[in-house]
Amino acid sequence: MLADATGIHHVTAMVGDPQANVDFYADVLGLRLVKRTVNHEDVLRHHLYYGNGTGDLGTLYTCFPYPEEAPGRRGPPQLTATAFAVPPDALSYWRDRLADRGVDVERHERFDDALLRFADPAGTRVELVAADAPVEPYGDGTVPREVAIRGVHGVTALPVDPFQTASVLETLGFENERQDGRRVRYRVDGPHATVVDVIDRGHDDGRDDAGVDSGDADGADLVAGGFGREGVGTVHHVAVRVPDEETLFAYHDLFRERDVSVSRVRDRHYFRSLYVREPGGILFELATETPGVRVDESASELGRRLVLPPWAERDREMIEDQLPPIAVPDQPLLGGGD
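Residues numbered from 1 in each chain as written. Predicted model: local features only at pLDDT ≥ 70, side-chain atom pairs only at ≥ 80, totals over all residues. Heavy atoms only, no water.

K.L.:
How should I be thinking about the overall build of the protein in this particular structure?
P.N.:
The secondary structure content of the protein amounts to 6 helices and 17 strands. Among the 338 residues that make up the protein, the fraction classed as buried is 57%. For the protein, the proportion of contacts with a sequence separation of at least 24, taken over those separated by at least 6, is 66%. Carbon and sulfur atoms make up 45% of the accessible area of the protein, which amounts to about 14000 Å² in all. (Helix = DSSP H or I, 4+ residues; strand = E, 2+ residues; numbered from the N terminus. Buried < 20%, exposed > 50% of the residue type's maximum accessible area, 1.4 Å probe, protein only. Contact = heavy atoms within 4.5 Å. Areas by Shrake-Rupley, 256 points an atom, 1.4 Å probe, with all protein chains shown as cover.)

Written out as structure tokens, the structure is:
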């Protein structure tokens, strides 16, 4: 019997300027830059990992900076938002903090949870949900520990076929928990980072002529029409965590038997993974829980230098010369030869 996923491993977005990205996630949101590495498919591009102080799974939000790329467009089939968990009494702090920094913030309610919605400098949709999460926050960041982000809460998926997406989620161990209008919540049994909300484009609850909840921005994407386009400001994929490489191979074979598009198992240095482009169009990654982001840096040194996968070390000088320098809050400038 296949082992179920136990929650979200990480979320990855495509962004523009890397310095603006660091300024927002490490300074404004107070996350720790836990890993500065490179895109395995393009080693002349940064791959920036943010998380809590020790880079625990379920806290990781990673970014591919592509400053020359065109903006993307939200629409199906895409992941349209990433939600982070904050303490239930922290939303007022965050509303004021974001407003003070010129970030437009909207407050909403969803499944009885209060949340704030806004966009990062690339235009990527971000949410802060008032939700308990048993995760240690980054205690040395720019945000007081008692109100700091506790990790990923979940993601919103806008597929072309929600039934196909739901089938893959159920294969991975997610269960249909509840529905509110077009939004269907799937949750897996795990400690935290366990939510995937699927927008059902075919559901009509009579709220208005388009069947769209005006308080749900993903509904607004539907009214705008058209399909999404990958680019700056869009979420590339969500990874769910599985225990080991043996489980990856088992899922690989199962998805192939079902004619679902699945990649080979890949070595991402910090985990082993495979990618599943399910028939609803959403890109899922399955990623192992080990070896983790501390395999090549101690907890105290996370994010303080450029780390490369072993096979890229021979080209370090060339890679460092090509990557732009990055300044991280409370750290020295990280540039070529840092």
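Picking up where we left off.
K.L.:
Mind showing me how you'd approach the pattern of salt bridges here?
P.N.:
Opposite charge on two side chains makes pairing possible when the charged atoms of those side chains draw close. The final tally for this structure, using the stated rule, is 21 salt bridges. With its nearest N and O atoms 3.0 Å apart, the salt bridge here joins Arg110 to Glu127. Here Glu127 lies in strand 8 (residues 125–130) and Arg110 lies in strand 6 (residues 106–110), a separation of 17 residues in the sequence. A relative accessible area of 9% means that Arg110 is categorised as buried. For Glu320, the salt bridge goes to Arg316, with nearest N and O atoms at 3.0 Å. With Glu320 and Arg316 both in helix 6 (residues 316–322) and 4 residues apart, this pair spans about one turn of that helix. Overall, the relative accessible area of 15% leaves Glu320 in the buried class. (Salt bridge = Lys/Arg side-chain N within 4 Å of Asp/Glu carboxyl O.)

K.L.:
It is not clear to me how the side chain of Arg36 should be interpreted in this structure. Could you clarify?
P.N.:
In this structure, Arg36 sits in strand 2 (residues 32–39). Of the polar contacts made by the side chain of Arg36, one reaches the side chain of His46; its length is 3.1 Å. (Polar contact = N/O pair within 3.5 Å; in protein donor to acceptor, adjacent residues only side chain to side chain.)

K.L.:
I tried to follow the packing of aromatic side chains on my own but got confused; where do I start?
P.N.:
To describe a pair of aromatic rings, you give the distance between the ring centres and the angle between the ring planes. Counted under the stated rule, the structure contains 8 aromatic pairs. With centroids separated by 5.6 Å and ring planes inclined at 85°, the aromatic side chains of Tyr93 and Trp94 adopt a geometry described as edge-to-face. For Trp94, a relative accessible area of 0% translates into the label buried. Aromatic pair Tyr251 and Phe255: ring centres 6.0 Å apart, planes at 20°, arrangement stacked. Highlighted residues: Tyr251 and Phe255, both in helix 5 (residues 245–257), separated by 4 residues, approximately one helical turn. A residue is classified by how much of its surface remains accessible, and Phe255, at 1% relative accessible area, is buried. Through successive ring pairs, a cluster of aromatic residues spans Phe24, Tyr25, Tyr50, Tyr61, Phe84 and Phe118. (Phe/Tyr/Trp six-rings, centres within 6.5 Å; stacked < 30°, edge-to-face > 60°.)

K.L.:
Explain the pairing of strand 17 (residues 283–291) to me, please; I cannot follow it from the model alone.
P.N.:
Two faces, one strand: in a regular strand the side chains alternate between the faces of the sheet. Sheet analysis places strand 13 (residues 234–242) next to strand 17, joined by 5 bridges and oriented parallel. Across the sheet, residue Val238 finds its bridge partner in strand 17, namely Phe284. The turn linking strand 16 (residues 271–277) back onto strand 17 is made up of 5 residues, and Gly281 within it adopts a positive phi angle of 100°. (Pairing = 2+ DSSP bridges.)

K.L.:
Could you clarify how one ought to interpret the side chain of Arg45 in this entry?
P.N.:
With respect to the helices, strands and loops of the structure, Arg45 is situated in strand 3 (residues 42–51). Accessibility expressed as a relative area gives 19% for Arg45, which makes it buried. When near neighbours in sequence (up to four residues on either side) are disregarded, Arg45 contacts Thr37, Val38, Asn39, Pro65, Tyr66, Pro67, Glu68 and Leu323.

K.L.:
Just to check I follow, could you spell out the nonpolar core for this structure?
P.N.:
A general feature of soluble globular proteins is that nonpolar side chains tend to end up buried together. Of all hydrophobic cores here, the largest spans 67 residues; its most connected members are Leu29, Tyr50, Trp94, Leu128, Phe174 and Leu286. Looking at this core, the element that brings in the most residues is helix 1 (residues 18–28), giving 5 residues. Ignoring sequence-local partners within four residues, the contact set of Trp94 consists of Val28, Leu29, Val86, Leu116, Leu128, Val143, Val147, Ala148 and Ile149. One finds Val34, Tyr49, Leu57 and Leu302 within the second-largest nonpolar core, a separate group that totals 11 residues. (Core = buried A, V, L, I, M, F, W, Y, C linked by side-chain atoms within 4.5 Å.)

K.L.:
What is the right way to read the environment of Val143 from this model?
P.N.:
Within the secondary structure, Val143 is located in the loop between strand 8 and strand 9 (152–158). For Val143, a relative accessible area of 4% gives the class buried. C-alpha of Val143 to C-alpha of Leu31: the two residues are 112 residues apart in sequence and 8.4 Å apart in space. The contacts of Val143, once residues within four sequence positions are left out, are Val28, Leu29, Gly30, Tyr93, Trp94, Arg97 and Ala148.

K.L.:
Even after reading the chapter, I still don't get helix 1, so can you show me in this structure?
P.N.:
Side chains that are three or four residues apart share a direction in an α-helix, a result of its 3.6 residues per turn. Every buried residue belonging to helix 1 is among Pro18, Asn21, Val22, Phe24, Tyr25, Ala26 and Val28, and all of these are buried. Elements in contact with the buried residues of helix 1: strand 1 (8–15), strand 3, strand 4 (60–65), helix 2 (91–100), strand 7 (113–119) and strand 8. Of the residues that open helix 1, the one with a side-chain oxygen 3.3 Å from the backbone nitrogen of Gln19 is Asp17.

K.L.:
What should I look at first to understand a negative patch on the surface in this one?
P.N.:
Residues Asp4, Glu170, Glu175 and Asp189 make up a contiguous surface patch of negative charge. Assignment of secondary structure puts Glu170 in helix 3 (residues 162–171). Classification of Glu170 as partly exposed rests on a relative accessible area of 45%. (Patch = residues over 30% accessible without salt bridge, like charges linked within 9 Å, V, L, I, M, F, W, Y side chains within 5 Å. Lys, Arg positive; Asp, Glu negative; His and termini not counted. Charge placed at Lys NZ, Arg CZ, Asp CG, Glu CD.)

K.L.:
Help me understand the environment of Gly58 in this model?
P.N.:
Note that Gly58 resides in the loop between strand 3 and strand 4. Using a relative accessible area of 0% as the deciding quantity, one classes Gly58 as buried. Along the primary structure Gly58 and Gly154 are separated by 96 residues, whereas in three dimensions their C-alpha atoms are 9.3 Å apart.

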